[in-house]
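A closer look at the structure
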Amino acid sequence: GFVGSYGPHRPKYELAEPSFISKSRSGTVFEFWIEVNRSRAVVSKRVRSLEKEGWIDLSTQDVTIEGLHLNVEEHVYSHFSIAFKMHREGLIKPSLTVYPLRGEIFSHWAQIFLDVFWMGVFVMLMYSAVTETLLEMERGLIKLHLREPFFWLDLSLLVLGGAIVGTFYNFVYWLDKYTDEVYSLGVMPPMSVAEAPDAQKVQSEIDNRVYQDQIAKMIDWVEWFVNQMGWVRFCSVLYSGLMVFRFFRGFTGQPRLALLVQTFLQSAGFVIHFIILLCFIFINFAMAGYILFGEQLQGWTTPTGAIGQMLLVFFLRFDYKEFHEIAPLASAIWFSTFFVLVVVLMQRLMSAAIVDTYLSVKASLGEPGQGLLSQGTKVLRDVLFLRTYKGAQKSVPLEELLQNISADSDPAYLKKLGSRQVDRRLRTRAELFQAESSPAVDVAFLVKRGCEPLAAQRMLEQCAEWTYSISTTSSPLRRLLIMLVRQMNHLRFESEKLQDNMNRKFQRSAKVVDRIDLKHAKCLSLARRIRKGQQLPPGWTAHADKDGRRFMRQEETGLTSWTLPKHLL
């Protein structure tokens, strides 16, 4: 019978003549109902009519037998197709394709918990993506958040997961409908049109047509279900692959794993261009192999088959003797060129580029970071410390403490620094100045921001251990920069100390100078008074006696005196 397209999107179905139906406009493709459930004589008669009516002749290229097996008790349905490919030289190549379908999605009640678990993970992913996006919008970092590859990865997972859920439940709904159709199918009409009496041929033809219509509907439904299940499986595999990349986001919390993640992200552009170039080279060599060996080697007879065989050549899973027997010189040039260009040069070029990216990322981070074992040990120590008396002291939460410390910092820079997307090397004078002028973090600094003194002391000790680990495990250039920053900080501290001492000495010197100025002013005043006292008023002259002593004499009165009178001073 005629097998048309049917499914939930086609509620109507029309069946043509049950004997011979042409599916093409040219009339070269036909379908015919065999009805193998009839008696052997009836089936043989219908098969012989194929040749009699010209259904099969010397120009027939292929014959396909389709059937449907319905096991109502076990809820198992199968659509099989047996294809016979006929070649001009007389070769007939058969092929069998079976599409099984279960009428029950869950064969056991415990299997439903897997779907419940998957739905829980999907809801958690949706909640995490939405809350993180809203938080970045509040912080004003939505543009930076949209440029992150992990945001688009989460969005792809949500869209793909939603498509899987919708397709799966649509599949389940129509599968229930199909099961109902199977139960309502009924039994085959008792007689075929060929064996029915003349008085019952019309009724028999109507009954067989209705039954064939139902069978054709069942076949088309199975094809539709197989197609939908293929898409569900493809999306599930793609979803699982994207979930693997989703774990990379969690790996950014571990320093050494974050180093690998950043290497993958930064080398992604090179890898994409490398794959494009490799595909062009690969296809060209496959077409060359198709031209060289397509007429004599079975796997190289078609372009698509040549590409598949080229994959075996790429992984060295082939027999070179077959190529050598066909074209010794051409095969040697073809294989040696492919091996040198792809296996030797291209693969090593990709490895070298990835290693160079890894070294660049490692240099930009400045230190390799803690391993999983040491990080796990640190977490265990922190848990045990919280059970002690010192650890049980109330203190500000670490998240709030970090917010208080980084209140004056750029949120975008902190976001990039947390995801290890910032080059931490000190390569410019501005970066060196920023590292030198950063405030010193001590116990008083942390206590001022709400941290408990014991917790602050322990935190600083851990930071000191981490700093020592960086100084011993990082690259020589990184250690040199760290030493330079430390020496600059030491020089800054010593210069500030020297400046304080000089300020104190300058203040003392200024006080001494002030006292000297005051005494000098007093001396000058006294000198002026003495000088004024040594000057003779008008009418007085100075004389000396025979012993050399000085005396004054007033010329008008002749009065002499050893000193001037007080009223003249």
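Residues numbered from 1 in each chain as written. Predicted model: local features only at pLDDT ≥ 70, side-chain atom pairs only at ≥ 80, totals over all residues. Heavy atoms only, no water.

Of regular secondary structure, the chain possesses 17 helices and eight strands. Taken across its 569 residues, the chain has 27% of its residues classed as buried. Here the analysis covers contacts within the chain between residues at least 6 apart in sequence; of these, 58% occur between residues at least 24 apart. When the accessible surface of the chain is totalled, it reaches about 39,100 Å², and 62% of it is carbon and sulfur. (Helix = DSSP H or I, 4+ residues; strand = E, 2+ residues; numbered from the N terminus. Buried < 20%, exposed > 50% of the residue type's maximum accessible area, 1.4 Å probe, protein only. Contact = heavy atoms within 4.5 Å. Areas by Shrake-Rupley, 256 points an atom, 1.4 Å probe, with all protein chains shown as cover.)

So, about the sheet that holds strand β8 (residues 560-561). The three strands lie next to each other as β6-β7-β8, forming an open sheet whose pairing is antiparallel. Strands with a single pairing partner mark the edges of an open sheet, and in this sheet they are β6 (540-544) and β8. Sheet topology note: the strand β7 (residues 550-554)/β8 ladder contains two bridges and is antiparallel. Looking at β8, one finds that R553 is bridged to T560. (Pairing = 2+ DSSP bridges.)

Throughout the structure, instances matching the rule amount to three salt bridges. R246 is paired through a salt bridge with D154; the nearest N and O atoms lie 2.6 Å apart. Of this pair, R246 sits in helix α5 (residues 201-251) while D154 sits in helix α4 (residues 149-183), and the two are 92 residues apart along the sequence. Taken as a pair, R246 and D154 share a single burial class, namely buried. Between R549 and D545 there is a salt bridge, and its shortest N-O distance comes to 3.2 Å. The exposure class of R549 is partly exposed, given its relative accessible area of 47%. (Salt bridge = Lys/Arg side-chain N within 4 Å of Asp/Glu carboxyl O.)

Looking now at unusual backbone geometry. Although it is not a glycine, L316 sits at a positive phi angle of roughly 60 degrees. Here L316 lies in the loop between α8 (303-314) and α9 (320-326).

Judged from the ten bridges that link them, strand β3 (residues 62-71) and strand β4 (residues 76-86) form a sheet pairing that is antiparallel. Pairing of L68 across the sheet is with H79, part of β4. As consecutive antiparallel partners, β3 and β4 are separated by four residues, and within that stretch H75 has a phi angle of approximately 55 degrees, a positive value. Strand direction decides the pairing type here: β4 and strand β5 (residues 92-102), joined by eleven bridges, are antiparallel. Following the sheet pairing, I82 is matched in β5 by L96.

It is worth spelling out the packing of aromatic side chains at this point. The final tally for this structure, using the stated rule, is 29 aromatic pairs. Pairing W118 with Y239 gives two aromatic rings, centres 5.5 Å apart and planes at 55 degrees, and the pair type is tilted. Pair noted here: W118 is in helix α2 (residues 112-139) and Y239 is in helix α5, with a separation of 121 residues, a long-range link. Where F282 meets F314, the ring centres are 6.4 Å apart and the plane angle is 75 degrees; that geometry is what we call edge-to-face. Taken as a pair, F282 in helix α7 (residues 268-293) and F314 in helix α8 lie far apart in primary sequence, 32 residues in all. (Phe/Tyr/Trp six-rings, centres within 6.5 Å; stacked < 30°, edge-to-face > 60°.)

A separate point is the pairing of β6. Across five bridges, the pairing between β6 and β7 is antiparallel. Residue pairing in the sheet places W540 in a bridge with Q554 of β7. Taking the residues between adjacent antiparallel strands as the criterion, β6 and β7 are bridged by five residues, where G548 takes a positive phi near 90 degrees.

Looking at the element boundaries, S204 is found in helix α5. Beyond its immediate stretch of four places on either side in the chain, S204 contacts M191, S192, V193 and A196.

So, on to the sheet that holds β4. If you trace the three strands from one edge of the open sheet to the other, you get β3-β4-β5, paired in antiparallel fashion. Only two strands of the sheet have a single neighbouring strand rather than two, namely β3 and β5. If you compare each strand with its neighbour and ignore which way they point, the axes differ by 10 degrees on average. Sitting on the sheet, α4 touches β3, β4 and β5, and the angle it makes with β5 is about 100 degrees. Across the face of the sheet, α5 comes into contact with β3, β4 and β5 while running at roughly 90 degrees to β3. (Axes fitted to C-alpha atoms, helices over the stretch in contact; angles between N-to-C directions.)

This brings us to the nonpolar core. Ranked by internal contacts, the top residues of the largest apolar core, which has 19 residues, are W300, M310, V313, F323, W334 and F338. Put simply, the parts of the chain that give this core at least two residues each are α7, α8 and α10 (328-365). The next biggest cluster of nonpolar side chains, apart from the first, holds 14 residues, and it includes F122, C235, Y239 and L242. (Core = buried A, V, L, I, M, F, W, Y, C linked by side-chain atoms within 4.5 Å.)

Should pLDDT be low for a region, the predicted coordinates there are not to be read in detail. When pLDDT is averaged along the chain, the result is 78, and 81% of the positions lie at 70 or above. The secondary structure element of the chain with the lowest average pLDDT is strand β1 (residues 21-22), at 44, and the one with the highest is α7, at 90. Counted against residues more than four places away or in other chains, residues 1-27, with its pLDDT under 50, gives 66 contacts. (pLDDT = per-residue confidence, 0-100.)

Contact geometry for α2 and α4: axes closest at 10 Å, N-to-C directions at 145 degrees. For the crossing formed where α2 meets α4, the hand is left-handed. Each of D115, W118, M119, F122, L125, M126, A129 and T133 in α2 lies in contact with α4, whose residues at this interface are F151, D154, L157, L158, G161, G162, I164, V165 and F168. Partitioning the contact of α2 with α4 into residue classes produces twelve nonpolar, three polar and two charged. (Left-handed = near helix turned anticlockwise from the far one by under 90°. Nonpolar A, V, L, I, M, F, W, Y, C, P; charged D, E, K, R; others polar.)

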